[in-house]
Amino acid sequence: MEAFLHGMILAFGLILPLGVQNVFVFSQGATQPHLVRALPASITASICDTLLILLAIFGLSIIVLQFEWLRIALMSGGILFLLYMGYTIWRSNQASADNNEALPVKKQILFAVSVSLLNPHAILDTIGVIGTSALKYSGTEQMLFTAACVLISWLWFFGLIIAGASLKRVDSSGKLMNIFNKCSAIFIWGTALYIVSGLM
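These numbers come from a predicted model, not from an experiment.

Rules and cut-offs
Residues numbered from 1 in each chain as written. Predicted model: local features only at pLDDT ≥ 70, side-chain atom pairs only at ≥ 80, totals over all residues. Heavy atoms only, no water. Phe/Tyr/Trp six-rings, centres within 6.5 Å; stacked < 30°, edge-to-face > 60°. Buried < 20%, exposed > 50% of the residue type's maximum accessible area, 1.4 Å probe, protein only. Patch = residues over 30% accessible without salt bridge, like charges linked within 9 Å, V, L, I, M, F, W, Y side chains within 5 Å. Areas by Shrake-Rupley, 256 points an atom, 1.4 Å probe, with all protein chains shown as cover. Salt bridge = Lys/Arg side-chain N within 4 Å of Asp/Glu carboxyl O. Helix = DSSP H or I, 4+ residues; strand = E, 2+ residues; numbered from the N terminus. Core = buried A, V, L, I, M, F, W, Y, C linked by side-chain atoms within 4.5 Å. Contact = heavy atoms within 4.5 Å.

Engineer: Which residues make up the packing of aromatic side chains, and what values do they have?
Structural biologist: Working definition: an aromatic ring pair is given by the centre-to-centre distance plus the angle between the planes. Scanning the model with the defined rule gives four aromatic pairs in all. Considering the side-chain rings of Y137 and F145, the 5.4 Å spacing of their centres and the 35° angle between planes classify their relative orientation as tilted. The class for Y137 is buried, based on a relative accessible area of 6%.

Here it is, written out as structure tokens:
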């Protein structure tokens, strides 16, 4: 049970901070006409996180942590991606909340995959923190730790679309969503700069 609680606390601590993945899932909850229309973004982000968690716990962390060039390549590609995402989110406030970035299913899935698997923070946090933390467990305890991390991820992303839909009901004018987009873009650019400083 200790492994399960450890996994829950660790996963929640990593997933809680505002980031490009959270921003995207939340925004779909806020902009889609019905909550169910935002499910592709939530489910795709959850599946991608599950994949990263499984890869990290079952060996990928050892590979990445051994090769500095691979870490630098991941971070460099991620920096460019974050700069682009920040620009996209900043520009997305040109329309009202009713039609702002309410993506169709295919685009939701593609966007969710990109913000999940091309996000260096998500990759490095998962590999560097969850992967290494899992090394202290084996057998059933490792399975419980893994299950807890995956459970928190799924609950979190479903919670985000519900929170986004709730904001839409409160903010029919879209003003709060526009402010949220601006703040999110600034945060994402700040994250990119933080990663750049880590490479110097």
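What follows continues from the structure just given.
Engineer: Can you tell me about a nonpolar patch on the surface, naming the residues and giving the values?
Structural biologist: On the surface, a cluster of nonpolar side chains totalling about 430 Å² of accessible area is made up of L51, L55, V105, I109, V113 and L117. Put simply, the parts of the chain that give the nonpolar patch at least two residues each are α3 (39-66) and α5 (105-117). By residue number, the principal contributor to the nonpolar patch is α5, which donates four residues. Looking at where V105 falls in the secondary structure, it is placed in helix α5.

Engineer: Summarise the nonpolar core; cite the residues concerned and give the values.
Structural biologist: Judged by nonpolar contacts, the single largest core of 38 residues is most densely connected at F24, V25, I130, F145 and F157. Those elements that provide at least two residues to this core are α1 (2-15), α2 (20-31), α3, α4 (68-91), α5, α7 (139-170) and α8 (175-199). It is α7 that provides the largest number of residues to this core, a total of nine residues. Contacts of F145, omitting those with residues within four sequence positions, involve A3, F4, H6, G7, L10, I57, I130, S133, A134 and Y137.

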